[in-house]
Amino acid sequence: MIVNPIIPIWLMTIICVILIILIIYSKQLKEKITNKQNNEKTIRQKNLIKQYIINASIKVSIVVLLFIINLRFMIPNGETMAINSDLSVLFVIDTSISMRALDYNGNKERFEGVINDCCYIVDELSSCKFSIITFGDEARKVIPFTTDTDMVQAELKAINLEDDYYAKGSSMNLVKNTLEQTLKEEKQRQNGNSKFVIFFVSDGEITKEGEVLESFSNIEQYTSNGAVMGYGTSAGGKMVSRAYADDTNSDYYYLYYYDDNYNRVAAISKLDETNLKKIASDIGIDYIQMSKTSNINYKLSDIKQQISNSQTTEEKISSYKDIYYYFAVPLVILLIVDFIVQKRRMQ
């Protein structure tokens with residue numbers, strides 16, 4: 001049996017402890033059952049104490065069940081044979097605010113396309129190992145190389161774009177050192193046997209004042225295949241404000257700036273293919289403009305052919321199934337009982 005928590009255990013523990021403390025030390029209930037003038041408890045007080053214990057026990061049990069459900073217990077569900085390639089796939093993903101621009105495949109958000117396309121790549125190259133690096137205000141390795149494709153896709157879907165209130169301008173150079181260090185360390189860990197496929201995902205914009213794109217040629221020595229995937233259009237698209245993303249009628253739904261005449265102007269982000277093609281040339285991989293997912297298919301076919309020609313290993317992998325829903329039944333029952341008790345108290 002393993003656990004695969006939905007919310008981090010440390011955070012859920014803090015939440016549950018706070019809830020239990022609030023339940024047990026309810027000021028209102030304490031005042032009802034405490035008589036400071038008499039040492040002996042009346043029959044009414046005894047009934048209130050009994051009622052308090054029952055109510056508190058129900059609520060504490062609900063909190064405990066929520067904690068257990070969050071742990072997401074999983075039990076073994078047999079074994080499957082997995083064919084693992086010696087290819088390691090590394091996603092390098094731009095998370096700057098310009099990836100919110102609405103010009104992917106029509107008027108969809110760029111980053112929506114990024115996540116869908118990257119998950120598609122994971123499905124198509126499932127025999128490989130995967131890792132993720134993101135860069136916005138900072139470059140960060142999200143997960144180390146792993147063959148767990150479910151985890152990789154979950155991490156891809158959990159990536160957040162940088163906050164527009166704290167954005168300092170986008171930079172392509174920011175990720176270069178982290179990228180090179182990651183490839184170097186993994187190659188050493190695998191005794192020099194790793195072959196890397198890099199998918200560099202960005203719109204190519206550099207908005208950091210005075211910055212010029214540096215060379216990525218040091219990355220070429222580690223790279224056997226991959227692509228620089230460009231998102232956006234030359235015409236550009238408006239960017240949605242993170243704070244007002246759920247309010248399409250708001251005057252602040254789109255990011256804006258004030259021009260030299262103090263006129264409010266919607267900010268437009270445009271695809272910069274010059275920068276992206278330069279990075280692709282430095283690394284020695286193709287540049288692909290991603291207006292739709294199928295644009296990457298020819299590259300995936302090429303990589304699959306490389307996989308078939310490379311060394312592969314068979315490995316038994318244990319599969320697991322969720323059992324957290326078993327605890328949902330008593331949780332629902334306790335919630336119904338608590339609702340009935342509370343309703344009677346109000347009558």
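The following refers to the structure shown. (Residues numbered from 1 in each chain as written. Predicted model: local features only at pLDDT ≥ 70, side-chain atom pairs only at ≥ 80, totals over all residues. Heavy atoms only, no water.)

What follows concerns the environment of Met-239. Residue position: Met-239 is located in the loop between strand E8 (237-238) and strand E9 (256-258). For Met-239 and Leu-102, which are 137 residues apart along the polypeptide, the C-alpha to C-alpha distance reads 6.4 Å. The contacts of Met-239, once residues within four sequence positions are left out, are Ile-97, Ser-98, Arg-100, Ala-101, Tyr-253, Tyr-254, Leu-255, Ala-267, Ile-268 and Ser-269. (Helix = DSSP H or I, 4+ residues; strand = E, 2+ residues; numbered from the N terminus. Contact = heavy atoms within 4.5 Å.)

Turning to the pattern of salt bridges, a few remarks are in order. In total, this model carries 10 salt bridges according to the counting rule given. In this structure, the salt-bridge partner of Arg-110 is Asp-203, at a minimum N-O distance of 2.8 Å. Remark: Asp-203 occurs in the loop between strand E6 (195-202) and strand E7 (223-230) and Arg-110 occurs in helix H4 (residues 110-124); sequence separation between them is 93 residues. What makes Arg-110 buried here is its relative accessible area of 0%. A relative accessible area of 0% means that Asp-203 is categorised as buried. (Salt bridge = Lys/Arg side-chain N within 4 Å of Asp/Glu carboxyl O. Buried < 20%, exposed > 50% of the residue type's maximum accessible area, 1.4 Å probe, protein only.)

Moving on: the packing of H4 against helix H8 (residues 297-309). Contact geometry for H4 and H8: axes closest at 11 Å, N-to-C directions at 25 degrees. In terms of orientation, H4 lies roughly parallel with respect to H8. In terms of crossing hand, the pair formed by H4 and H8 is right-handed. Facing H4, whose interface residues are Tyr-120, Ile-121 and Glu-124, H8 presents Asn-297, Leu-300 and Lys-304. Taken together, the residues that form the contact of H4 with H8 break down as 3 nonpolar, 1 polar and 2 charged. (Axes fitted to C-alpha atoms, helices over the stretch in contact; angles between N-to-C directions. Parallel < 35°, antiparallel > 145°, perpendicular 65-115°, else oblique. Left-handed = near helix turned anticlockwise from the far one by under 90°. Nonpolar A, V, L, I, M, F, W, Y, C, P; charged D, E, K, R; others polar.)

Before going further, it helps to spend a moment on the pairing of strand E3 (residues 87-94). Burial analysis of E3 places 8 of its 8 residues in the buried class, which makes it a mostly covered element. Bridging between E3 and E6 involves 7 bridges; their strand directions are parallel. Among the inter-strand pairings, Ile-93 is bridged to a residue of E6, identified as Val-201. For E3 and strand E4 (residues 129-135), the ladder comprises 7 bridges, and the chain directions are parallel. The residue bridging Leu-90 from the neighbouring strand is Ser-131, located in E4. Handedness of the crossover joining E3 and E4 through H4: right-handed. (Pairing = 2+ DSSP bridges. Right-handed = clockwise from strand over helix to strand, strands pointing away.)

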